[in-house]
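# Geometric and topological summary
Each chain is listed here by its residues.
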Amino acid sequence: MDLMQLGFGEQLVLLLAYCYILFKLLNTYIAIVLLVGTFTGIYLYLKNQSEYWKRHGIDGPEGNILFGHNLELRKGMGVVDTEWTKKYGKVFGTLIFGQQDLVVSDLEIMRHVLAKDFSNFTNRRRQLGLKAPEDSNQLGAKLLTVLEDEHWKNVRNTITPAFTTGKIKNMVPIFNDTLKIFGEVISNYAKSGAPMDLKEVCGGFAMDVIAKSAFGMDVDAQRDSSSPFIKYAKEIFNITLANPKLIFVMLFPKTIQRLEKMLKFQFLFAEGEKFFKDVLRAMIAERQQNPKKVNPDFLQLLINAISEQVEKSDVDKDIIHEEISSGKRVKLTELEMMSQSFLFLLAGYETTATTLHFALYLLALHPEIQDRVADEINTVVGEANEISYDHIGKLTYLEQVINETLRMFSPAPRIDRTCTKDTTVNGMTIPKGCIVSVPVWVIHYDPEIYPDPQKFDPERFSPEEKASRDPLAYLPFGYGPRNCIGMRFAQLELRMALAYLLKNFKFTPCEQTEKMPIKLNLVGLTKPASPILLTVEKRNE
Ligand code: HEM
């Protein structure tokens, strides 16, 4: 048994049991001697761990001998990464969740870790306790985000055709149907003049899109929040690090996993998991019985996965890397299929909803930029009732606005990879077994890359500015073969939603709207510390 694979709670219980047995079985003096020896051993081990980076000639913050740098994480990843980078530079070592963690914002080293030496850095950090074991039948065991090595490559290669531009283009009707309801909801706020909670309205829209595209379901989250789909999805998204059950799982991961297997139960999200599995099973069965019915959504694309080919004209280098196309196309098991649909909800709901609401917030605070986007939309879309895929390609200033929003409020403040082989880059050796973390937040606010970084300035993403910058300097969707597979889908959803909203409405700050710089909560995904409220009026009335 690898003791380091145990949670902190389990290690403590083992230590107490060991002390008890020593004093029960042995003479007190011998027990004390053994105990002192054990504690000295543990102390030396922990000291050795905390001096790991010093031995590798890499500087870094002094860590707590017992907790490493975990305690600092309460401030939020973006905040601590900024403080540490200012003090220790672009490469420094930390110890997080018992793992040696090298934090790198040097673009050249990042290029090797995320792309050039990808085969040595294929996997993400293992989330102790939060990853269901591979042999379990929980949805969490087969999520693309946690799969490793060949298994990851094969599943990613198999589902990639679902995310190419050609396939996503067919989902425009899903967006347009959902946007009509979004329009009704916002119109009601415009009529009443009441401030609206941006996250609530954008969240309803994003939930409807993902329910329809990944589960094939109309849940109408925008007008009716009583459906079980919304109840269980919210249960997942509202879980915080203060949740007692989650703390218990993190302290006793192996014990919980053993008990779950032996007693055939699930400790976290049991009801929700059963609900999503039942829904997906029923949907998959229905579609398999009606193979001729056309469904332009992810669920159908996953069902078809093995037979779907990437057409030559549809090769999208952002999501089809050579590394991935060398993987096999595999027939997904039912669990693998259901896990990916579930993952699209996990990965695609909160990220898109928060980006949309931050974009509207920034535009409300910058009316001149909002008017410029609205003018562009009027010119391109004119009197057309619906936004089409062709319109989207022509809304270039809107694209700049979205890019700048994602620079300032990247939903993921950090991405990471596990190093599986000693790798030397620019004379520095990254040791096998450590985690390499890329502090996206720090890079997006680096004044040498983005002068006056607190300023909302979509001109930073004009074609000339973009071309003059290293692509590694902009990472809202990560980078390399393991980047966000849903990037094209998210970009289209954001552009469609903003084009529709800004064509029809004007957003303005109200008394309760917080001024910039807004207080953020950077623990987990980026979000505002308090809800953002805005008022809205109809355009052209
Ligand atoms: C604004 C919206 C979104 C943002 C900012 C975002 C961001 C990210 C980031 C930073 C990663 C990690 C990349 C890396 O490690 O290099 C990621 C991975 C992923 N995202 Fe997204 N995402 C968004 C929307 C979506 C959507 C809509 C979906 C699905 C429909 C999705 C599915 C995934 C999946 C499956 C992965 C894991 C890929 C893998 O491990 O191979 N994301 N995303």
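Anything mentioned here points back to the structure above.
Residues numbered from 1 in each chain as written. Predicted model: local features only at pLDDT ≥ 70, side-chain atom pairs only at ≥ 80, totals over all residues. Heavy atoms only, no water.

In terms of regular secondary structure, the protein is built from 22 helices and 11 strands. Its C-alpha radius of gyration of 25 Å places the protein within 12% of the 24 Å reference for a compact globule of 541 residues. When the backbone C-alpha atoms are referred to their principal axes, the protein occupies close to 90 × 55 × 50 Å. A sequence separation of at least 24 residues applies to 74% of the contacts in the protein between residues at least 6 apart. By element, 57% of the accessible surface of the protein is carried by carbon and sulfur atoms, the whole surface being about 25,600 Å². Of the side-chain charges in the protein, 64 are positive and 66 negative, and the distance between the mean point of each set is 4 Å. (Helix = DSSP H or I, 4+ residues; strand = E, 2+ residues; numbered from the N terminus. Rg over C-alpha atoms; globule rule 2.2 N^0.38 Å. Contact = heavy atoms within 4.5 Å. Areas by Shrake-Rupley, 256 points an atom, 1.4 Å probe, with all protein chains shown as cover. Lys, Arg positive; Asp, Glu negative; His and termini not counted. Charge placed at Lys NZ, Arg CZ, Asp CG, Glu CD.)

Evaluation of the coordinates by the stated rule reveals 26 salt bridges. E148 is the partner of R126 in a salt bridge, and the nearest nitrogen-oxygen pair spans 2.8 Å. Residue R126 is found in the loop between helix 5 (107-116) and helix 6 (149-159), and its partner E148 is found in the loop between helix 5 and helix 6; the two are separated by 22 residues along the sequence. The partner of K277 in a salt bridge is E273, with the nearest N and O atoms 3.6 Å apart. Of this pair, K277 and E273 are both found in helix 13 (residues 270-289), four residues apart, which corresponds to roughly one turn of the helix. The exposure classification of K277 matches that of E273, with both residues buried. The network of salt bridges with shared partners includes D81, D101, R125, R414 and D416. (Salt bridge = Lys/Arg side-chain N within 4 Å of Asp/Glu carboxyl O. Buried < 20%, exposed > 50% of the residue type's maximum accessible area, 1.4 Å probe, protein only.)

Looking at the iron atom of the ligand, one finds just one donor atom contributed by the protein, C484 (SG), at 2.3 Å. Within the secondary structure layout, C484 lies in the loop between helix 21 (463-467) and helix 22 (487-504). (Donors = N, O, S within 2.8 Å, 3.2 Å for Na, K, Ca; no water.)

Moving on to the site of the ligand. The local shell around the ligand holds 29 residues, among which R124, W152, R156, R417 and C484 are the closest. In this structure, W152 approaches the ligand through a side-chain N or O atom, which is 2.9 Å from an oxygen atom. In the environment of the ligand, an oxygen atom lies 3.3 Å from a nitrogen or oxygen atom belonging to the backbone of Y479. Elements supplying a minimum of two residues to the shell around the ligand: helix 6, helix 16 (334-365), strand 4 (415-418) and helix 22. In terms of residues, the shell around the ligand owes the most to one element, helix 16, which gives seven residues. (Near = heavy atom within 4 Å. Polar contact = N/O pair within 3.5 Å; in protein donor to acceptor, adjacent residues only side chain to side chain.)

Taken together, the side chains of F8, L12, L16, Y43, L44, I65, L66, F67 and L71 present a nonpolar region at the surface, about 820 Å² in accessible area. For the nonpolar patch, the elements supplying multiple residues, two or more each, are helix 1 (8-25) and helix 2 (28-50). Top element by residues in the nonpolar patch is helix 1. It accounts for three residues. Looking at where Y43 falls in the secondary structure, it is placed in helix 2. (Patch = residues over 30% accessible without salt bridge, like charges linked within 9 Å, V, L, I, M, F, W, Y side chains within 5 Å.)

The pairing of strands in a sheet comes from backbone hydrogen bonds and takes either a parallel or an antiparallel form. Here we have four strands laid out as an open sheet, ordered 1-2-7-4, and mixed in their pairing. Unpaired on one side and paired on the other, strand 1 (91-96) and strand 4 mark the two borders of the sheet. On average, each strand axis in the sheet is inclined to that of its neighbour by 30°, with strand direction left out of account. As defined by bridge partners, strand 4 adjoins strand 7 (residues 435-438) across four bridges and the pair is classed as antiparallel. Paired with T418 across the two strands is I435, which belongs to strand 7. (Pairing = 2+ DSSP bridges. Axes fitted to C-alpha atoms, helices over the stretch in contact; angles between N-to-C directions.)

Within the largest apolar cluster, 137 residues are counted, with the highest numbers of intra-cluster contacts made by F229, F276, L345, I430 and F507. With 17 residues, helix 16 is the single largest residue contributor to this core. Membership of the second largest hydrophobic core comes to seven residues, among which are L73, W84, I96 and V103. (Core = buried A, V, L, I, M, F, W, Y, C linked by side-chain atoms within 4.5 Å.)

Turning our attention to the packing of aromatic side chains. This model, assessed by the stated rule, comprises 24 aromatic pairs. An aromatic cluster of three or more residues is present, and its members are F215, F229, Y232, F275, F276 and F342. Seen from the ring of Y397, R372 lies directly overhead, with NZ or CZ sitting 3.7 Å from the centre. Seen from the ring of Y445, R407 lies directly overhead, with NZ or CZ sitting 5.5 Å from the centre. (Phe/Tyr/Trp six-rings, centres within 6.5 Å; stacked < 30°, edge-to-face > 60°. Lys NZ or Arg CZ within 6 Å of the ring centre and 35° of its normal.)

Next up on the list: the state of the cysteines. Counted by the stated rule, this structure contains zero disulfides. In this structure C510 is a free cysteine whose sulfur lies 14 Å from that of C202, the closest cysteine sulfur available. The class for C510 is buried, based on a relative accessible area of 14%. (Disulfide = S-S within 2.5 Å.)

Taking strand neighbours across the sheet as the criterion, the three strands line up as 3-11-8 in an open arrangement whose pairing is antiparallel. Taken across any chain shown, the strands that pair with only one partner, and hence form the sheet edges, are strand 3 (196-197) and strand 8 (505-509). For strand 3 and strand 11 (residues 533-538), the ladder comprises two bridges, and the chain directions are antiparallel. Each bridged residue has a counterpart across the sheet, and for D197 the counterpart in strand 11 is L533. Where helix 16 meets the sheet, its contacts fall on strand 8 and strand 11, and the angle it forms with strand 8 comes to roughly 75°. Its contacts with the sheet place helix 22 against strand 8 and strand 11, and it is angled at close to 85° to strand 8.

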